[in-house]
Amino acid sequence: MARVTVVPVMLILSFFQHKTLFSTSLASGQPSVVDALGLHNVLQITKQESRVILSWNNNLTKEETEKYTVKYILSYKFFNTTHERKERLQDKKKIIRLELHSGFNAKVKTQLFAKETEDIIKESGWTEFTYKAPPVYIQNLSCIIYNISFFNCTWHIKAEAPEDIQIFFSYRHIGKDFECQQYIKNTRKNNIGCHMKEIHFQPSRKINLNITVRDLRNNSRGLSYYKAFTPQTIEKLNPPINVSVSLENRSIKIHWKPPPTIGSASNKCFLYQVKITDQKIVDVTAEKYEHPFHKPANKCAAQVRVKKEICIRNKIWSEWSEPVFIHDEKTVDIMLLSLTLFCLLIFFGGLLICACRRYRCLEAITMPVPHPSDNIKTWLAADETHHQKKISMQMERHSEVTMGILEENGDENIQQQKCLKESGLEDL
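Calculation rules
- Residues numbered from 1 in each chain as written.
- Predicted model: local features only at pLDDT ≥ 70, side-chain atom pairs only at ≥ 80, totals over all residues.
- Heavy atoms only, no water.
- Pairing = 2+ DSSP bridges.
- Helix = DSSP H or I, 4+ residues; strand = E, 2+ residues; numbered from the N terminus.
- Patch = residues over 30% accessible without salt bridge, like charges linked within 9 Å, V, L, I, M, F, W, Y side chains within 5 Å.
- Areas by Shrake-Rupley, 256 points an atom, 1.4 Å probe, with all protein chains shown as cover.
- Salt bridge = Lys/Arg side-chain N within 4 Å of Asp/Glu carboxyl O.
- Buried < 20%, exposed > 50% of the residue type's maximum accessible area, 1.4 Å probe, protein only.
- Disulfide = S-S within 2.5 Å.
- Axes fitted to C-alpha atoms, helices over the stretch in contact; angles between N-to-C directions.
- Contact = heavy atoms within 4.5 Å.
- pLDDT = per-residue confidence, 0-100.

A. Representation of the sheet that holds strand S19 (residues 235-236) in the model. In spatial order, the strands read S15-S16-S12-S11-S19; together these five strands make up an open sheet with mixed pairing. Two strands close off the open sheet at either side, each with one partner strand: strand S15 (182-185) and S19. Bridge count between S15 and strand S16 (residues 191-196): four bridges; the pairing is antiparallel. The partner of Tyr183 across the bridge, within S16, is Cys194.

B. Up close: a nonpolar patch on the surface. There is a patch of nonpolar side chains on the surface, built from Leu337, Leu341, Leu344, Phe347, Phe348 and Leu351 and spanning about 620 Å² of accessible area. If you trace the backbone, Leu337 turns up in helix H3 (residues 329-359).

C. Expanded view of unusual backbone geometry. Phi angles above zero are rare outside glycine, and Ile148 is one such case at about 70°. Along the chain, the position of Ile148 falls in the loop between strand S11 (138-146) and strand S12 (150-157). With a relative accessible area of 34%, Ile148 lands in the partly exposed category. Despite not being glycine, Asp278 shows a phi value in the positive range, around 65°.

D. Broad picture of the state of the cysteines. Overall, the coordinates contain three disulfides when judged by the stated rule. What pairs with Cys180 in a disulfide is Cys194, and their sulfur atoms sit 2.1 Å apart. Sign of the S-S torsion, about 120° for the bond between Cys180 and Cys194, identifies this disulfide as right-handed. Of this pair, Cys180 sits in the loop between strand S14 (176-179) and S15 while Cys194 sits in strand S16, placing them 14 residues apart in sequence.

E. Main features of the sheet that holds S14. Pairing is antiparallel in the open sheet, where four strands are placed in the order S14-S13-S17-S18. Two strands close off the open sheet at either side, each with one partner strand: S14 and strand S18 (223-229). Each strand axis lies, on average, 25° off the axis of its neighbour in the sheet, ignoring direction. Pairing between strand S17 (residues 207-215) and S18: seven bridges, direction antiparallel. Bridge pairing in S18 links Ile211 to Tyr225.

F. Representation of the environment of Ile241 in the model. When you line up the elements, Ile241 lands in strand S20 (residues 241-248). C-alpha of Ile241 to C-alpha of Arg305: the two residues are 64 residues apart in sequence and 9.7 Å apart in space. Leaving out residues up to four positions away in the same chain, Ile241 has contacts with Trp256, Lys257 and Pro258.

G. Region of the structure containing the confidence of the model for the protein. Chain-level statistics for the protein give a pLDDT mean of 77 and a share of 71% at 70 or above. Every residue in residues 1-37 scores below 50 in pLDDT, and together they form 81 contacts with partners more than four places removed in sequence or on other chains.

H. Broad picture of the pattern of salt bridges. Considering all chains together, one arrives at seven salt bridges under this definition. Notably, a salt bridge pairs Glu123 with Lys109, separated by 3.4 Å at the nearest N-O pair. Of this pair, Glu123 sits in strand S9 (residues 120-123) while Lys109 sits in strand S8 (residues 103-114); the two residues are 14 residues apart in sequence, bridging distant segments of the chain. Measuring nitrogen to oxygen at the nearest pair gives 2.5 Å for the salt bridge that ties Glu309 to Arg313.

I. Up close: the pairing of strand S10 (residues 127-132). Because side chains alternate across S10, one face comprises the buried residues Thr127, Phe129 and Tyr131, and the other comprises Glu128, Thr130 and Lys132, none of which is buried. When S8 meets S10, the two strands line up antiparallel, connected through six bridges. Looking at the pairing, Lys107 lines up with Glu128 of S10.

As structure tokens, then:
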């Protein structure tokens with residue numbers, strides 16, 4: 001069974017940096033490695049702001065380094081995480097960025113390979129070490145760029161953080177330092193985010209964040225945390241523009257254009273998703289999509305969204321575009337006809353109203369009838385009385401004439417009867 005002995009070699013602390021050295025003897029299951037090679041590593045740690053520089057040496061001779069291919073296996077894991085990162089290196093140095101981690105565990109070992117066959121010949125045991133950094137009081141840091149020139153960062157404050165701390169935010173980009181323009185605060189007036197606008201980003205230059213936590217009660221200098229982003233990896237694009245839909249030969253044809261971006265606008269950089277009502281979301285790399293539509297519904301909608309995927313990795317999707325509605329051809333024809341008739345009706349109605357206003361037709365129709373004056377009312381009343389009297393007189397005259405005619409007719413009848421009596425013809 002292999003035996004591991006850990007011996008601290010050196011510990012140096014200074015105002016600007018501190019270094020810790022560790023060494024271990026060889027630990028391997030193969031006796032030839034232990035006896036013949038006798039490898040061991042000496043590790044040195046240098047702290048520089050938000051990063052730790054790991055460097056190590058071994059006891060290989062010049063002849064051994066020329067005879068074999070030398071490689072190193074480095075494995076490390078940050079505190080409070082489960083993911084272990086492992087790398088194979090040819091350099092005897094590695095820069096580990098702490099960002100928002102309070103330390104890590106790491107280990108390194110040396111391997112020798114045959115130059116002709118690349119087969120592993122010998123390897124050393126692990127040199128293990130632990131690095132502890134100052135406590136970190138913020139978590140869940142998230143930043144996003146949107147609308148080309150808007151920049152938002154948000155974070156959470158851990159429950160164990162002191163009550164009187166305040167967090168200050170700034171970042172460095174293209175050689176310039178930018179202070180936060182507008183802080184986002186929680187109910188306790190702690191800064192939990194920063195909003196900035198009208199910022200110019202160069203996609204190839206990183207954004208280096210500096211978050212400083214200060215204890216206002218003790219007026220301390222505070223702890224600074226650093227994190228770097230590539231602008232294109234945190235850019236949230238706007239939805240695709242000029243989305244159009246047509247229904248041809250029982251197929252839906254959708255076209256669009258990519259939105260503006262701070263990085264490359266090449267077609268190969270974008271990944272799209274198309275969503276049609278009652279259909280599955282489809283990934284598309286082109287700026288068009290065609291889908292069979294054999295049984296069109298009365299009404300359905302198409303939407304598109306986008307992100308950077310091909311030329312750079314980005315996990316942030318844009319919002320969906322405004323829905324563009326699709327109708328059956330017959331439905332579309334009927335709707336177009338109805339819309340046309342409705343527009344014509346509005347047009348001619350407008351012309352009629354304008355003509356009536358021009359020639360005052362409505363005024364003539366709606367003009368109120370004036371009330372007659374008192375003189376006219378008196379004249380009309382007198383005239384009516386005179387007319388009624390005139391009618392009464394005519395009726396009296398007519399009745400007198402009628403009575404006269406009747407009397408004359410009665411006398412004639414009497415005379416005729418007398419004549420008949422005299423002539424003896426009355427009995428006949």
